Amino acid sequence: MQVEEQEALQAKITKLEKRLKTAETQCQATTKEIWQMEVELERARERADEAEQNVARLEKQLAEAQQGPDSSASDALQGKLEEARLNVQLLEQEKETADEARRNAEEALTAAEQRIELLNSELQAAQQSQALQDSVEQLRQATDEAELARQERDQAQLALRDAEEQLEQLRAELHQVQQNEALQAELETARQIEHQLREALEGLRSENADAAQLRAELELARQDLAETDSLREALEAFRQEAAFQSEEQNRLLGEIQELREQLEEARMRAATAGSSTEVSRLQDNLQLHQEKAALLQQRLEQLQQRFELSEEKATLFQQKAQEAEARLAENQSRGGAAESEVRGLRDRLERMESRVRDADRIFEQSEQQMREAEQKQQESWQRVRDAEMRANQALVENKKLSDKLAEHEKRAQESDRETQRLAFQDPLTGLPNINLISQYLEFTVKQCVRYRRVAALLVIDIDRFKVFNEAMGFKAGDELLAKVAERLQQAIRETDSLGRKGEDEFIILLSELNVGDHNHPEARRKAINQHVEVVANRVMQMMGPPFTVQGQKFYLHVSIGIAICPDDGETPQQLLENGDTAMYHVKETGRNRHQFYTSDLRQRQEKRLSLDMQLRSALERGEFEVRYHPVVSLAKGKGTLVGVEALLRWNHRIDGTVGPDYFLPAAEETGMIIPIGQYVLNQTCTQMREWLSYGLRIFASINLSKRQLLQADLVECISRELSQNGIPPEVLYVEIAEGFNTYNPEMMDQVINRLGNAGIRVAIDDFGVGYSNLSKINLAYTRVLKIDRSIIEGCPTDRQSSTVCIAAINLASSLGLLSLAEGVENANQVKFLAKYGCALAQGYYFAEPVTPAEITNIHRSKKTWKI
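Residues numbered from 1 in each chain as written. Predicted model: local features only at pLDDT ≥ 70, side-chain atom pairs only at ≥ 80, totals over all residues. Heavy atoms only, no water.

(A) Structural view of the sheet that holds strand S7 (residues 594-596). Strand order in the open sheet made by the five strands is S2-S3-S1-S6-S7, with mixed pairing throughout. A strand with exactly one partner marks an edge of an open sheet, and here the two such strands are strand S2 (497-500) and S7. Taken over all neighbouring pairs, the strand axes of this sheet differ in orientation by 20° on average, direction set aside. Packed on one face of the sheet, helix H8 (residues 521-542) meets strand S1 (455-462), strand S3 (505-510), strand S6 (558-565) and S7 and runs near 150° to S6. Against the sheet, helix H9 (residues 572-588) makes contact with S1, S3, S6 and S7, and its axis sits at roughly 145° relative to S6, the strand it touches most. (Pairing = 2+ DSSP bridges. Helix = DSSP H or I, 4+ residues; strand = E, 2+ residues; numbered from the N terminus. Axes fitted to C-alpha atoms, helices over the stretch in contact; angles between N-to-C directions. Contact = heavy atoms within 4.5 Å.)

(B) Highlighting a negative patch on the surface. Negative charge collects at one region of the surface, where Glu 46, Asp 49, Glu 50 and Glu 52 lie side by side. With respect to the element layout, Glu 52 can be found in helix H1 (residues 2-67). Accessibility expressed as a relative area gives 37% for Glu 52, which makes it partly exposed. (Patch = residues over 30% accessible without salt bridge, like charges linked within 9 Å, V, L, I, M, F, W, Y side chains within 5 Å. Areas by Shrake-Rupley, 256 points an atom, 1.4 Å probe, with all protein chains shown as cover. Salt bridge = Lys/Arg side-chain N within 4 Å of Asp/Glu carboxyl O. Lys, Arg positive; Asp, Glu negative; His and termini not counted. Charge placed at Lys NZ, Arg CZ, Asp CG, Glu CD. Buried < 20%, exposed > 50% of the residue type's maximum accessible area, 1.4 Å probe, protein only.)

(C) Region of interest: the pattern of salt bridges. By the definition in use, this model includes 19 salt bridges. Ionic pairing is found between Arg 524 and Asp 567, a salt bridge with its closest N-O pair at 3.6 Å. One end of the pair, Arg 524, is in helix H8; the other, Asp 567, is in the loop between S6 and H9, and 43 residues separate them in sequence. Owing to a relative accessible area of 23%, Arg 524 belongs among the partly exposed residues under this scheme. Judged by relative accessible area, Asp 567 falls into the partly exposed class, the value being 39%.

(D) Just the pairing of strand S8 (residues 624-633), in detail. Among the ten residues that make up S8, eight are buried, leaving the element largely enclosed by the rest of the structure. The pairing of S8 with strand S9 (residues 638-652) spans ten bridges and is antiparallel. Across the sheet, residue Phe 624 finds its bridge partner in S9, namely Trp 650. Taking the residues between adjacent antiparallel strands as the criterion, S8 and S9 are bridged by four residues, where Lys 636 takes a positive phi near 65°. As judged from the two bridges shared by S8 and strand S16 (residues 840-841), these two strands associate in the antiparallel manner. What sits directly across from Val 632, in S16, is Ala 841.

(E) Looking closely at the environment of Val 734. As for its placement among the helices and strands, Val 734 is situated in strand S12 (residues 732-737). Residue contacts for Val 734: discarding those within four places in its chain leaves Ile 702, Leu 704, Ile 718, Leu 755, Ile 760, Arg 761, Val 762 and Ala 763.

(F) Just the environment of Glu 255, in detail. Turning to its location among the elements, Glu 255 is positioned in helix H3 (residues 181-273). Note on Glu 255: relative accessible area 24%, which makes it partly exposed. Distance from Glu 255 to Gln 290, taken between C-alpha atoms, is 9.6 Å for residues 35 residues apart in sequence.

(G) Quick look at the side chain of Ser 559. Its location among the elements puts Ser 559 in strand S6. The class of Ser 559 is buried, set by a relative accessible area of 0%. Polar side-chain contacts of Ser 559 include one of 2.6 Å to the side chain of Asp 463. Discounting residues that sit within four places of it in the chain, Ser 559 has contacts with Val 459, Ile 460, Asp 461, Asp 463, Met 583, Val 586, Lys 587, Arg 591, Asn 592 and Arg 593. (Polar contact = N/O pair within 3.5 Å; in protein donor to acceptor, adjacent residues only side chain to side chain.)

(H) Geometry of the nonpolar core. By size, the foremost hydrophobic cluster in this structure holds 112 residues, and its most contacted members are Leu 458, Phe 506, Val 532, Leu 833 and Ile 855. Setting aside its immediate chain neighbours within four residues, Leu 458 contacts Phe 506, Ile 507, Ile 508, Leu 510, Val 532, Val 535, Ala 536, Ile 560, Gly 561 and Ile 562. Judged by nonpolar contacts, the second largest core, of 14 residues, contains Val 445, Val 459, Leu 575 and Met 583. (Core = buried A, V, L, I, M, F, W, Y, C linked by side-chain atoms within 4.5 Å.)

(I) Region of interest: unusual backbone geometry. In this structure, Pro 566 follows Cys 565 across a cis peptide bond, with omega equal to 10°. Here Pro 566 is to be found in the loop between S6 and H9. Between Cys 795 and the following residue, Pro 796, the backbone shows a cis peptide bond with an omega angle of -5°. Mapped onto the fold, Pro 796 is located in the loop between helix H16 (789-792) and helix H17 (799-814). Here Arg 452, not a glycine, exhibits a phi torsion of approximately 55°, which is positive. Within the secondary structure, Arg 452 sits in the loop between helix H5 (434-451) and S1. Of note, the phi angle at Lys 862 is positive, near 55°, even though the residue is not glycine. By relative accessible area, which is 71% here, Lys 862 ends up exposed.

Written out as structure tokens, the structure reads:
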């Protein structure tokens, strides 16, 4: 719902702003109308005063005539007096009507002002309501946040109080627990029992240590018993081995006995036989068995000793084991009693510890609850502080929003004022723009139609401003426009209105044209034109001095189209269109002048627009053709072909072949001269390449317009064409009109220097008909001085033309230039030029502009012309 209310309020504000703007516009128009009425009223009063004075004078003359004898004079004066009195009455009625109309207009103005004040108050109220609504909404949000913070703070305080109550309760319980004497006594008893238990445990631990030592000794004894068992096993093994050794010894003893018997038998046989060998062998064998028997006897003795030692050790180990077992049994009996006592103490201790743990748990729970309560209390206080801080922040934010809202309102008002200013004022020059001028024009047209007054609209366009803007840049163009606006402001009266229509167009509205009483329309129009021409001439005079832009001087001219109200239009749109038509006609016919609108100008304008479209389509369809006008050398007593001038022709589909004067001005104005000039350059270079292949080495010249000279890549384009066609630069001349250097001498000098550095030579065209300063041209790169056909036409019959022509020839010779006469039509002109040393000539006497094939035929036929 609030969003819908805001949208409705915004729509209401927008509607009020539109109504306010409309009311202000009506108020301005009414103010202007009242001002005009006051002027008319003052004039009516002056005319009434003059009429009253005339009546008084006539009454005086009538009184004098009535005293005289001539009654006819008296009757005539009486008639004039009656007519004067009637005129006075009419003037009084006109004055009263004008006064009443002024009062009505003032009342309407007062009503409009009251309406504006009312709309302003409504708009301010709506804006204040919107601002108040926004502020209320933001304040409501801040209030809601503060209320939320307060609720959180209240909840936190309640939680804090609950936590404090729980804490107090726990503290009471803890205090009650601490004051319980029985529990304290039981705790003391538990501590004593714990002490006794600890002592018993210590004793038990010491006894256990002794028992452990006994166990260790018992274990050692058991190990000794195990060792005894192993010894017994070893003794048994020894016994078995001793038995085996005894058996072995007995066997050896038996063998020894057998050997002794054999030895005795051997001795007996030896004694009988007388052989001692067998006896010796038996003796050795007996000796060996005796040694083995001795060794066995020694081993038996060792085994017997070890057996006896093991017997003793086993007996000793067995005694120790018995003693350890006895001591272990005694300790075990003592440990059993101690363990039963310890178990009792432990049971009691466990019961006491259980009660102590329960008390500790209760105490810890109380402390935990107390800590939780304190933590809750701190959290509650923190929430209270956070809520208060958010409430303060909300208040601060609300204050910031209020300040920001006020700042936005201020900026919105400033933006509205700036928008209002920009809607009716040109930001570059500070002049009224087309919107405000249109309002003035509409008001003036209504006044002219209603009261049969006369006004004039001057549409002013800066000549070749687009060329200047492209060459110097937009910043320089803006600076130039501001300076032009200053001079135009100085050229008009305070009662006239000056405004900027577009990029390089300005408008002057002459609303106070007092041309007197003229009954005849032609006399009236002549008086109007004379009055307007004074202003137009003053404007052109103000444009005469050079403009200094970015440290350079420029000469500018303006074209002025004039439309008279109500003769040339009874609506603002008609006046603007007709003024534009007259201005464009000036541009087409030479510029730098003014032109009143006539009915046939619109047809010409429509034809010019049609010509622009036709030029574009003609270039696309290849309707242009380059023809070449021969240039003849006058040396050696005969005329020979040395060069050509490239001239453009248009093979129009309807009008046939037309010359450049028909379409080049429009091409220069629209910018089509650049692609058309590129076409001429391309065709000329291609044709020169073909002629060079035939052995025809002549120069060719092409014409450059101002727009082409200001082309940034002019030299690069020409050099590229020459290079692509393999043509030496010195055989191409570019023709520049004599007066071009007056537009911007520094820029022209730069262009000529760049052309010369590229090897391209310059020819000064139309010399003798314009204003130029040759000292501003770099003559090092200038080759030809072309004398204009208007001078050649009078030679040799006209003395002045002949003198000028001879002076031009001598000037060219003294400057090291070739003189070239244009427009040679007859043999006398040729003889005159040859006599005074003119180097070159061209004209219909030699040939018309011809096709490339005819130039080739002239070369092949080696044609010459008689001088």
